[in-house]
Amino acid sequence: MKISHILSAAIPAALFVSAMSFTAPMSRAEDVPAVGQMAPNFTLNSQEGKSVKLSDYRGKWVVLYFYPKDMTPGCTIEAHNFQRDQAQYDKAHAVILGVSVDSVDSHVQFCTKENLSFKLLSDEKKEVVSKYGSLGGAVAARNTFLIDPKGVIRKVYLKVNPNPHSAEVLAALADLEKGE
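This report concerns the structure included in the present document. (Residues numbered from 1 in each chain as written. Predicted model: local features only at pLDDT ≥ 70, side-chain atom pairs only at ≥ 80, totals over all residues. Heavy atoms only, no water.)

1. A few points about the sheet that holds strand β8 (residues 144–147)
Taken in spatial order, the 7 strands line up as β2-β1-β5-β4-β3-β8-β9 in an open sheet, and their pairing is mixed. Every other strand in the sheet has two partners, leaving β2 (51–53) and β9 (153–157) as the edge strands with one partner each. For this sheet, the mean inter-axis angle between neighbouring strands, taken without regard to orientation, is 30°. Judged from the 4 bridges that link them, β8 and β9 form a sheet pairing that is antiparallel. Across the sheet, Leu146 pairs through a bridge with Lys155, a residue of β9. Contacts from helix α2 (residues 73–84) reach β3 (61–66), β4 (94–100) and β8 within the one sheet, and its direction differs from that of β3 by about 165°. (Pairing = 2+ DSSP bridges. Helix = DSSP H or I, 4+ residues; strand = E, 2+ residues; numbered from the N terminus. Axes fitted to C-alpha atoms, helices over the stretch in contact; angles between N-to-C directions. Contact = heavy atoms within 4.5 Å.)

Listed below in structure tokens is the structure:
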């Protein structure tokens, strides 16, 4: 068989396989809740094995951040930076809630290994990740929602860079608190 025949048969097969790898449901930009909208409520389990409702945090600012996977480099950097800045969030009456599709057990290991004290929530069914337009294939996309004490989304960050992110959120929180 000639090389050109082999390649012409192989290329469509490769394209088919490539297309198949992207058939996992992914959220679209229009699925992301907008600034000014009420944050969709949810209930998920934390690394502490307790049920956590978003509505339980009315009266406080909420940093709701979605991240792909426990114990990966970018996610560890992002979590460390939120932990490093925890006292500033406390001072601003803000709570940090991290959400991924990892299990509660994975969150327990991640929090223990990395000394994380804020809540990590398990969304194995990908329901909350989907509600927030933050499903990136099989994992959560790295997006953050800053929610005000009344439950309204005040800032949306898409495709977050984990290194400067906590500082960006703190700056936005300070600006938003001045405006209230």
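2. With respect to the side chain of Ser46
Here Ser46 shows up in strand β1 (residues 43–46). Residues contacting Ser46, with those up to four places away along its chain left out, are Val52, Val104, Lys119, Leu120 and Leu121.

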